[in-house]
Amino acid sequence: MTTSTPGPLLIIESDVEWSVSGASYLRYFPYDEPYSHQQEAMRRIETAVQAGSDILFEGATGTGKTLAALVPALEHARETGKTVVITTNVHQQMRQFRREASAIADAEEIRAVVFRGKSSMCHIDVGYEECQALRETTRELVDTEQEVAELERQQEALLDRSTDGDLDAASARATVMDELTEMEEELSGLEDRATCRYYYQNLTADTTDFFDWLYADVRTPEDIYGYADQRGFCGYELLKEGIEGVDLVVCNYHHLLNPVIREQFFRWLGRDPDDVVAVFDEAHNIESAARDHARQRVTETTLARALTELDGIEDPRAGNARNVLETFHSALVESYDAALGVGERRGVDDDWTDLSIDNEDRRDELTLSFLRGYTGPGYETELDQAVELGRELDSRYERAYKNGETGTRTECPTLSAAEFVGDWVAESGDEGTYPVVSVRRREKQGDGTAAGGPGEDAGLTDSTETDSDLQPDAGEVYGRAELYTCIPSRVTRSLFDDLHASVLMSATLRPFEVTEDVLGLDTPETMAYGPQFPAERRRTYAVDGPALFARDRDDPQVQRTITETLEDAVRFTPGNTLVFFPSYSEAARYHERVSEGTHYLDEAGISARELRESFTDDDDGVLFTSLWGTLGEGVSYDGDDARTVVVVGVPYPHLDDRMAAVQDAYEAAFGDSGDDDAGWQYAVEIPTVRKTRQALGRVVRSPDDFGARILLDARYTERADVEMPGYAVRGAFPPEERTDIVDIDPEKLRYGLLNFYQGLGAYDGDPPWP
């Protein structure tokens, strides 16, 4: 197959502009007048949303994508009783959306909220299950208090009547008093149980002022937390109440991509999925985010906890549950023992390391080991019994916590383990699912994390941690089984089918047909707008230096050329220079080699936010970082924050077994009979070029801004298309971006930068001279 790349949609004739200028949705536009390309985008989005279609909307920086999507979506939602949800996985964008929503609210009255997960807004720092139990007990307490108060009122009224000689009232009062005594005893018991004083205040105090304050502006989660905390309220629970029927919600991806959270979220909104118009920002990230949400994992530690839990259970199902879970536990250990050599075992550290267990012609090694080792009445029957027993135990733990018998809400490892093992044996052989076993070295026993360390099974606390022969000791290697979803449409297709309409927007969505395939979209509308700022205020250079293949990175001549080119870029930039590398190790290498500028290195243990602030406060800084880190995508470097951005090499991701599985899955799903490159294009090349395009977009952020973008690798040049066609990547850029790229030799880059920046009068005083 070949992936075509559509060009930008160029703007509009005057009659279209006239029709847009009178559009009713412009009441939601908070500024004087939209750009002409914004007007065209709004018109097309309005039409698509009214038809219930999905829209793929690519726009370079300055397109005004957010308002172009929100303005017609809000108009349609207001007319049809729907809610608009705008979502992102980038914190900085959440803040930007709040500002845009506040500006819209100033122009046209809307109710808008910014929604965040419970963990960041909890006043008492408890987990989800514990919070749920506390809420239920607190509500029961309040209900009982209200019943007692009502019975008190009844008995006092009946007492007055009986004092006046009403014998029927005296008899009725005796009945009420009996009921009151029972309720007071129940209340006394409830008062000894664990409750949440913040939620109690929600249920018993007047919250009118809170909601008046909430809707007076678009509040941040921090605002809500602070306001509620000062008044003794639970801001998160009030926010859940307050989002019902609102016009606009700003939230994180997981509120829509996680099916369980999504169902709850829509229930809080008081909307069916068909009553929601979703706007996804940075939509090129949906693919990886959906994959993360779909993964399922269980650790050896959780399996060991489940077996310890079952040892103390007197139930005929416990033996069967133990048999099937112990078999899987043994199979997991056997699988990683077989895959690890002695030298490899010594090299295992506290980061998870994947081991290869997949087979091309049969089930994976963990499943085969499990099936070989299992003896019993049938693993499906025993797994059903384990899940049933686990659910009963989980309910028992919840009752114990609500009744004040335990200080924390114990989770049930048997339930977690049994559900996972059932999914594993059913799905690990499915097309598009990749079974993985990983290992790490346990730092210490009883470390208080979910299942032995960071990144473990979600939701399990250390309350089930006990001594067990099956628990790994400190310093020992232990394992994890994972079902990894290769094709994200297994998660996203049903979401987009259920929503009324969606707008997926990004500066790097093309090729559209690839986005459509991997997310499972059905014939979406597409639109793309290229750079909107003056061409004379930007330069994009492809430096025809060495092709920075991994095998050549240690070559002294390659390093010398890269170093000298970077030094020229820094020296001839009137301001800060942002340099992206394929990895942190390469960033560290050239941080040591480059001699120009004030250096800032993105490395472990350094706050990314503080590093960025220090860098942008400088006027001759050089920031060395990885393209796959947190200081690139979604982070703006406006004006003097950064003038030149350099992408060193073609930053392909680490090509491990998972990536190979994704390639194979994409090839099987989307490859044509005459082309064996679909897997590579879908899984590796296109995401890498999108990352590169995102990096180039970190500079030149406004019409008055200016800057240079440098691609430092021969594979970006036109020459590569002829001399190394199997490695050239220039053709993967959209047409209008390719025309921006100027090929240049390494030793001539200094002259190109000098002429560009000097022509703009960017140097203070005399410019540097070659």
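Analysis parameters
Residues numbered from 1 in each chain as written. Predicted model: local features only at pLDDT ≥ 70, side-chain atom pairs only at ≥ 80, totals over all residues. Heavy atoms only, no water. Helix = DSSP H or I, 4+ residues; strand = E, 2+ residues; numbered from the N terminus. Rg over C-alpha atoms; globule rule 2.2 N^0.38 Å. Buried < 20%, exposed > 50% of the residue type's maximum accessible area, 1.4 Å probe, protein only. Contact = heavy atoms within 4.5 Å. Areas by Shrake-Rupley, 256 points an atom, 1.4 Å probe, with all protein chains shown as cover. Lys, Arg positive; Asp, Glu negative; His and termini not counted. Charge placed at Lys NZ, Arg CZ, Asp CG, Glu CD. Phe/Tyr/Trp six-rings, centres within 6.5 Å; stacked < 30°, edge-to-face > 60°. Lys NZ or Arg CZ within 6 Å of the ring centre and 35° of its normal. Patch = residues over 30% accessible without salt bridge, like charges linked within 9 Å, V, L, I, M, F, W, Y side chains within 5 Å. Salt bridge = Lys/Arg side-chain N within 4 Å of Asp/Glu carboxyl O. Axes fitted to C-alpha atoms, helices over the stretch in contact; angles between N-to-C directions. Parallel < 35°, antiparallel > 145°, perpendicular 65-115°, else oblique. Left-handed = near helix turned anticlockwise from the far one by under 90°. Nonpolar A, V, L, I, M, F, W, Y, C, P; charged D, E, K, R; others polar. Pairing = 2+ DSSP bridges.

## Topic: the overall build of the protein
A count of helices and strands for the protein gives 29 helices and 18 strands. Taken against the 2.2 N^0.38 rule, which gives 27 Å for 770 residues, the C-alpha radius of gyration of the protein at 30 Å falls within 12% of a compact globule. In terms of overall dimensions, the protein has C-alpha extents of about 105 × 70 × 50 Å along its principal axes. When burial is assessed residue by residue, the protein has 54% of its 770 residues classed as buried. Taking the contacts inside the protein whose residues are at least 6 apart along the sequence as the reference set, 80% of them involve residues at least 24 apart. In the structure as shown, the protein presents an accessible area of about 32,900 Å², 43% of it carried by carbon and sulfur atoms. Measuring between centres, the 74 positive side-chain charges of the protein sit 4 Å from its 153 negative side-chain charges.

## Focus on the packing of aromatic side chains
Using the criterion set out here, one finds 35 aromatic pairs in the structure. Ring geometry for F210 versus Y227: centroids 5.9 Å apart, planes at 55°, classification tilted. Within this pair, whereas F210 is found in helix α8 (residues 208-215), its partner Y227 is found in helix α9 (residues 221-230), the two being separated by 17 residues in sequence. When sorted by exposure, F210 lands in the same class as Y227, which is buried. On the numbers, 6.2 Å between centres and 35° between planes, the contact of F265 with F266 is tilted. Across this residue pair, the class does not change: F265 and F266 are buried. Positioned above the aromatic ring of F549 is the side chain of R715, whose terminal nitrogen or guanidinium carbon lies 4.5 Å from the ring centre.

## Considerations on a negative patch on the surface
Taken together, the side chains of D143, E147, D178, E179, E182, E184, E185 and E186 present a region of like negative charge at the surface. Secondary structure elements with two or more residues in the negative patch: α5 (128-163) and α6 (167-191). Among the elements that take part in the negative patch, α6 stands out by supplying six residues, more than any other. Under the relative-accessibility criterion, E179 is labelled partly exposed at 39%.

## Brief notes about helix α29 (residues 749-759)
For α29, every residue scored as buried is listed here: L749, G752, L753, L754, F756 and Y757. On its buried side, α29 packs onto β12 (538-543), α22 (556-571), β16 (644-648), β17 (707-712) and β18 (741-744). Of the residues one or two after α29, G761 is the one with positive phi, at around 65°.

## Re the packing of helix α14 (residues 300-311) against helix α15 (residues 316-339)
The interhelical angle for the contact between α14 and α15, taken along N-to-C directions, is 155°, at an axis separation of 10 Å. With respect to their mutual orientation, α14 and α15 come out roughly antiparallel. Pair α14 / α15 crosses with left-handed handedness. When α14 is examined against α15, the residues E300, L303, A304, A306, L307, T308, L310 and D311 are found in contact with a partner set consisting of A318, A321, R322, L325, E326, F328, H329, L332, V333 and Y336. In the contact of α14 with α15, the residues fall into 12 nonpolar, two polar and four charged.

## Here's the deal with the sheet that holds strand β8 (residues 433-441)
Taken in spatial order, the four strands line up as β6-β9-β8-β7 in an open sheet, and their pairing is antiparallel. One side of each edge strand has no neighbouring strand; the edge strands of this open sheet are β6 (296-299) and β7 (353-355). Across the sheet, the mean angle separating the axes of adjacent strands is 30° when strand polarity is ignored. The sheet contact formed by β8 and strand β9 (residues 477-485) spans nine bridges and is antiparallel.

## Things to note about the pattern of salt bridges
Counted under the stated rule, the structure contains 49 salt bridges. Note that E108 is salt-bridged to R27, the shortest N-O span being 3.2 Å. With E108 in the loop between α4 (91-107) and β3 (112-114) and R27 in the loop between α1 (14-21) and α2 (36-50), this pair connects stretches of sequence that are 81 residues apart. With a shortest N-O distance of 2.8 Å, R322 and D311 are connected by a salt bridge. Of this pair, R322 sits in helix α15 while D311 sits in helix α14, placing them 11 residues apart in sequence. One salt-bridge network, held together by shared partners, links D292, R295, D354, R480, E482 and R658.

## A look at the sheet that holds β12
Read across the open sheet, the seven strands follow the order β14-β15-β13-β16-β17-β12-β18; overall the sheet is parallel. Each edge of the open sheet is held by one strand with a lone partner, namely β14 (598-601) and β18. Between one strand axis and the next, the sheet turns through 20° on average, direction left out of account. Inspection of the sheet shows β12 paired to β18 by four bridges, in the parallel sense. Bridging from a neighbouring strand, V543 pairs with I744 of β18. The strands touched by helix α26 (residues 678-696) are β13 (577-581), β16 and β17; relative to β16, the strand with the most contacts, the crossing angle is about 160°.

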